[in-house]
Amino acid sequence: DIQMTQSPSSLSASVGDRVTITCRASQGISNSLAWYQQKPGKVPKLLIYFASTLQSGVPSRFSGSGSGTDFTLTISSLQPEDVATYYCQNYNSVPHTFGGGTKVEIK
Amino acid sequence: EVQLVESGGDLIEPGGSLRLSCAVSGSTFSNVWMHWVRQAPGKGLEWVGRIKSKKDGETTDYAAPVKGRFTISRDDSKKTVYLQMNSLKTEDTAVYYCTHGAALGSFFDYWGQGTLVTVSS
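Every value quoted in this text rests on a predicted model; they were computed, and no experiment measured them.

1. Structural notes on the side chain of A:Gln89
Looking at the secondary structure, you find A:Gln89 in strand 9 (residues 84-90). At 3.3 Å, the side chain of A:Gln89 forms a polar contact with the backbone oxygen of B:Ser106.

Structure follows, in structure tokens:
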């Protein structure tokens, strides 16, 4: 099974900061990588798929990159409404494993 | 607008069985691969399993922790997907989400609101 490792597990940044979250797959998954945002007490929401394609309605400050085993999610200018836990997901093969999550807070 | 509504969550004793349902509207359901994802209290997301569309063989795949105990099925006439859970363990306690596989790949463009399953004596 492919393992997905996210780092860091949590971070605290100021409003307006650039934030980067990393996701590493234990085997190559091409660009079959999605990112989800889960705000406290809410249902997860799709942000990005195919590693870099922004889901409709998602603010342009979110971006994704990477291919193979190494991927990043970047928030170009952190906003208060971005406080959430972010998960990457492998959908190249089953099981469609998720990363452990990165909790983003405002400093 | 695609909507998914789960039901069936409950408090159940270890070793028991439970069936969750997920009703889908606003989607060409018969063409969609449907998945279940769970989240234990205070923990991350865990993929549980999926069922392909009928035209793709209606085959199923499961995560290792649930394989042999959980079964996913679908009724396209009712636009509903099911998760039959047998031999439940305390570690199965979680919110269970039904998710809609996107047309382009097995990422999840729509999620249900979740239903809580608590396994405890």
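Still more to cover.
2. Considerations on unusual backbone geometry
Residues and elements named next belong to chain A. Pro8 follows Ser7 through a cis peptide bond whose omega is -5 degrees. Along the chain, the position of Pro8 falls in the loop between strand 1 (4-7) and strand 2 (10-13). Positioned with a positive phi, Ser30 is a non-glycine residue whose angle comes to about 55 degrees. Summarising the element assignment, Ser30 is placed in the loop between strand 3 (19-25) and strand 4 (33-38).

3. Side note on the interface of chain B and chain A
With 20 residues of chain B at the contact, the number on the chain A side is 17 residues. Between chain B and chain A, a total of about 1500 Å² is buried, with carbon and sulfur atoms accounting for 71% of that surface. By the criterion of area lost to chain A, the three top residues of chain B are B:Leu45, B:Trp47 and B:Phe107, representing 39% of everything that side buries. Along the contact surface separating chain B from chain A lie zero salt bridges. Counting across the chain B and chain A interface gives five residue pairs in polar contact (both at pLDDT 80 or more). Listing elements by their share of the side of chain B that touches chain A, those giving two or more residues are strand 4 (34-39), strand 5 (45-51) and strand 10 (105-111) of chain B. In terms of residue count, the dominant contributor to the side of chain B that touches chain A is strand 10 of chain B (six residues). Counted by class, the side of chain B that touches chain A contains eight nonpolar, seven polar and five charged residues.

Reading guide: rules and limits
Residues numbered from 1 in each chain as written. Chains lettered and ligands numbered in written order. Predicted model: local features only at pLDDT ≥ 70, side-chain atom pairs only at ≥ 80, totals over all residues. Heavy atoms only, no water. Helix = DSSP H or I, 4+ residues; strand = E, 2+ residues; numbered from the N terminus. Polar contact = N/O pair within 3.5 Å; in protein donor to acceptor, adjacent residues only side chain to side chain. Contact = heavy atoms within 4.5 Å. Buried area = accessible area lost by both parts, 1.4 Å probe. Salt bridge = Lys/Arg side-chain N within 4 Å of Asp/Glu carboxyl O. Nonpolar A, V, L, I, M, F, W, Y, C, P; charged D, E, K, R; others polar.

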